[in-house]
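# Summary of the model geometry
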Amino acid sequence: MTDVVAAAFAALRAHAQSLVGRRTLDLFAQDPNRFAEFSVALDDDFLFDFSKHKLTGETLSLLRRLAEARGLEARRDALFAGDAINITENRAAMHMALRDLSGRPIRVGQENVRQMVETEREKVYRFARAVRDGEARGATGHSFTDVVNIGIGGSDLGPAMATRALSPYRGEGPQAHFVSNVDGADLADTLAALDLARTLFIVSSKTFTTQETMANAASARARIVAALGERAVEKHFAAVSTRLDKVVEFGVDPSRVFGFWDWVGGRYSLWSSIGLALAIFIGPDHFTAFLQGGQDIDEHFRDAPFAKNIPILMGMLGVWHRNIKARGAHAVIPYDQRLSRFPAYLQQLDMESNGKAVTRSGAQVDEATGPVIFGEPGTNGQHAFFQLLHQGVDVIPIDFLVAAQPTAADAHHHALLFSNCLAQSEAFMRGRTLAEAQAQLRAAGMNEEEIDELAPHKVFSGDRPSSVFLYKSLDPRTLGRLVALYEHKVFVQAAIWDINPFDQWGVELGKELANRLSPIVADAQSSTAELDGSTAGLIAWRRAQIA
Ligand code: G6Q
């Protein structure tokens, strides 16, 4: 860490001390413009409110100083220039190219990739239209009523999250299903209710070697062959991969194979052909609107000034909480049932990107990096883990996401949903003092002895920070904006922590280990002598159970 960076962190820590004892509510009382000052509107249909974090203009200035000390601007320029910023894999991270609808050249290294991106997208769109219109048919001449995406991690979570989020945009298209787990129950339960003659499988895998996806694809293939014959495979399978050679071996018709490039990371690939299941589900026009939302945020991230730049603010707020306030978790709570998979999607995006302990140069980090990300939709979470958020010993910052308008849902329900969201956000900030708790119990007619016993349990510290993302409605463009905002937030934090957010050696380790152990598990005669005592003991116990 350079002296300038160390000084920037030290100044933030000293400043945090000066805020001890002050209340967020007092900051509102002192500044009638606080909401306007600490919120950002994008056009007239997206609002980011971060005024309920206990911070001041000086906090932002000091965070800005830290961002400058870490060279955030230069890192952002390198990202958009298509430089090989994923240094451990020697690749660019140019997912923004996939949603750049401007018509301008897009550089990745020395190459202008616009033409090939557009050609591949057009191929995806043609196939999506053909499936939706019933022009592409199965082996028995039926159109497809169901599409099953087989993929895992980055080749699953994006389209699975987005099809749920955008279900009102499906129209007459087929239903979408997602099989990811190597547990055979996933495939079996998904196929139980489907008619194979009307089912299209999409095998999605960047590498086309991932154990789970290859096992599920082989089983799905066997099911099609058993039901409809070997020749049906080419009619019932499509594939998405960067390894087109491997796809051909599997027997997919080359006209149904869709590519992308190694400069698109798995968890950033929803914008690419990996979005095929989504493009079929919502149709090309809506998919383009989704891309447009991503592009809106790329422009905003590049152009907006620090104090009004939403992904920079999201990232720097996270740094404030993680490093200065030592907060180890971050909750994402959509008050939007259709975003039910969004927290899981962000869990991968954030924790796989910033779950790192060495800097770009390979030294141990000297500040904490990515927090634990978790969440569930509200109002459900209120009846479950919110207790800990309100009164637990750890303060956990929260992102609330909510639409101003319902999408094809009952207005009365939406008013209840919306008020619950704001009530929670307010309650986390306001809290309840001991005196307030006592007064409340007194008003309820309790005697002083009972009040003394009960009141401490009804105290809420307050000053628990939350942001609110308020959007007009959950349409494709808004979803594109949300996803891109979080992508760039993760990038900003990685820049501050000087880590590479684009590799995932922990995931690679899992793949290696699974491939080493599975032959030993599969063959009951194989020796376990080389394994550690626990692993050998567990395998022996299983062998006895299934003998
Ligand atoms: C994403 C990760 C990981 C990956 C899966 C699937 O960034 O690398 O989640 O997406 O392991 O990999 P394949 O697409 O290669 O099957």
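All of these numbers come straight from a predicted model, not from anything done at the bench. (Residues numbered from 1 in each chain as written. Predicted model: local features only at pLDDT ≥ 70, side-chain atom pairs only at ≥ 80, totals over all residues. Heavy atoms only, no water.)

## With respect to the packing of aromatic side chains
Summed over the entire model, instances satisfying the criterion amount to 23 aromatic pairs. Taken together, a centroid distance of 6.3 Å and an interplanar angle of 15 degrees make the contact between Phe342 and Tyr345 stacked. Taken as a pair, Phe342 and Tyr345 lie in helix H15 (residues 342-354) at a separation of three residues, close to a single helical turn. There is no split in this pair, since Phe342 and Tyr345 are both buried. Aromatic rings pair up to connect Phe38, Phe48, Phe50, Phe342, Tyr345, Phe469 and Tyr486 into one cluster. One cation-aromatic arrangement involves Arg76 over Phe301; the distance from NZ or CZ to the ring centre is 5.5 Å. The ring of Trp271 carries Arg99 above its face, with NZ or CZ at 4.4 Å from the centroid. (Phe/Tyr/Trp six-rings, centres within 6.5 Å; stacked < 30°, edge-to-face > 60°. Helix = DSSP H or I, 4+ residues; strand = E, 2+ residues; numbered from the N terminus. Buried < 20%, exposed > 50% of the residue type's maximum accessible area, 1.4 Å probe, protein only. Lys NZ or Arg CZ within 6 Å of the ring centre and 35° of its normal.)

## A look at the side chain of Glu89
Along the chain, Glu89 falls in the loop between helix H5 (72-80) and strand S3 (107-108). Of note is the side chain of Glu89, whose polar atom sits 2.8 Å from the side chain of Asn86. When sequence neighbours within four positions are dropped, the list of residues in contact with Glu89 reads Phe502, Asp503, Gln504 and Trp505. (Polar contact = N/O pair within 3.5 Å; in protein donor to acceptor, adjacent residues only side chain to side chain. Contact = heavy atoms within 4.5 Å.)

## Considerations on the pairing of strand S8 (residues 237-241)
Across the five residues of S8, five count as buried, placing the element largely inside the fold. Covered by surrounding structure in S8 are Phe237, Ala239 and Ser241 together with Ala238 and Val240, the residues of both alternating faces. The pairing of strand S7 (residues 199-204) with S8 spans four bridges and is classified as parallel. Bridged to Ser204 within S8 is Val240. One ladder, built from three bridges, connects S8 with strand S9 (residues 257-259); its direction is parallel. For Val240, the partnering residue across the bridge sits in S9 and is Phe258. Tracing the backbone out of S8, into helix H11 (residues 244-250) and back to the parallel element S9 gives a crossover that is right-handed. (Pairing = 2+ DSSP bridges. Right-handed = clockwise from strand over helix to strand, strands pointing away.)

## Quick word on the site of the ligand
In the region of the ligand, 15 residues are neighbours, and Ser155, Ser205, Thr207, Thr210 and Gln348 sit closest. In the model, an oxygen atom of the ligand is placed 2.6 Å from a nitrogen or oxygen of the Ser155 side chain. Mapped onto the shell around the ligand, the elements with two or more residues apiece are H15 and helix H21 (505-522). When the residues that make up the shell around the ligand are grouped by side-chain class, the tally is two nonpolar, nine polar and four charged. (Near = heavy atom within 4 Å. Nonpolar A, V, L, I, M, F, W, Y, C, P; charged D, E, K, R; others polar.)

## What to know about the pattern of salt bridges
Counted by the stated rule, this structure contains 24 salt bridges. Among the salt bridges present, the one from Arg91 reaches Asp262, with a minimum N-O distance of 3.8 Å. Placement of Arg91 in the loop between H5 and S3 and of Asp262 in the loop between S9 and helix H12 (276-282) is noted, with a sequence separation of 171 residues between them. Classification of Arg91 as partly exposed rests on a relative accessible area of 24%. Linking Arg442 and Glu448 is a salt bridge whose minimum nitrogen-to-oxygen distance equals 2.8 Å. (Salt bridge = Lys/Arg side-chain N within 4 Å of Asp/Glu carboxyl O.)

## Here we look at the packing of H5 against helix H13 (residues 284-303)
To characterise two packed helices, one gives the angle between the axes of the helices and the distance between these axes. Running from amino to carboxyl end, H5 crosses H13 at an angle of 145 degrees, the nearest separation of the two axes being 11 Å. Note on packing geometry: the crossing formed by H5 with H13 is left-handed. The segment H5 lies against H13, with Arg76, Leu79 and Phe80 engaging Asp298, Phe301 and Arg302. For the contact of H5 with H13, a count of residues per class yields three nonpolar, no polar and three charged. (Axes fitted to C-alpha atoms, helices over the stretch in contact; angles between N-to-C directions. Left-handed = near helix turned anticlockwise from the far one by under 90°.)

## Some details on the pairing of strand S5 (residues 146-150)
Among the five residues that make up S5, five are buried, leaving the element largely enclosed by the rest of the structure. Because side chains alternate across S5, one face comprises the buried residues Asp146, Val148 and Ile150, and the other comprises Val147 and Asn149, equally buried. Bridge analysis of S5 against strand S6 (residues 175-179) gives five bridges, and the strand direction is parallel. Paired with Val147 across the two strands is Ala176, which belongs to S6. The sheet contact formed by S5 and S7 spans five bridges and is parallel. Looking across to S7, one finds that Val148 is bridged to Phe201.

## What about the environment of Ala455?
With respect to the helices and strands, the residue Ala455 is situated in the loop between helix H19 (448-454) and strand S13 (466-471). Classification of Ala455 as buried rests on a relative accessible area of 0%. Ala455 sits 20 residues away from Ala435 along the chain, and the two C-alpha atoms are 8.5 Å apart. Here Ala455 is in contact with Leu434, Ala437, Gln438 and Leu441, once residues within four sequence places are set aside.

## Brief notes about the nonpolar core
Counting residues in each nonpolar core, the largest one holds 113 residues, and the members touching the most others are Trp263, Phe342 and Leu479. Looking at which element gives the most residues to this core, the answer is helix H20 (residues 476-497), with 13 residues. When near neighbours in sequence (up to four residues on either side) are disregarded, Trp263 contacts Ala92, Ala93, Met94, His95, Ala97, Leu98, Val108, Val113, Met116 and Val117. Counting 21 residues, the second-largest nonpolar core is a separate cluster that includes Val148, Phe208, Phe250 and Val257. (Core = buried A, V, L, I, M, F, W, Y, C linked by side-chain atoms within 4.5 Å.)

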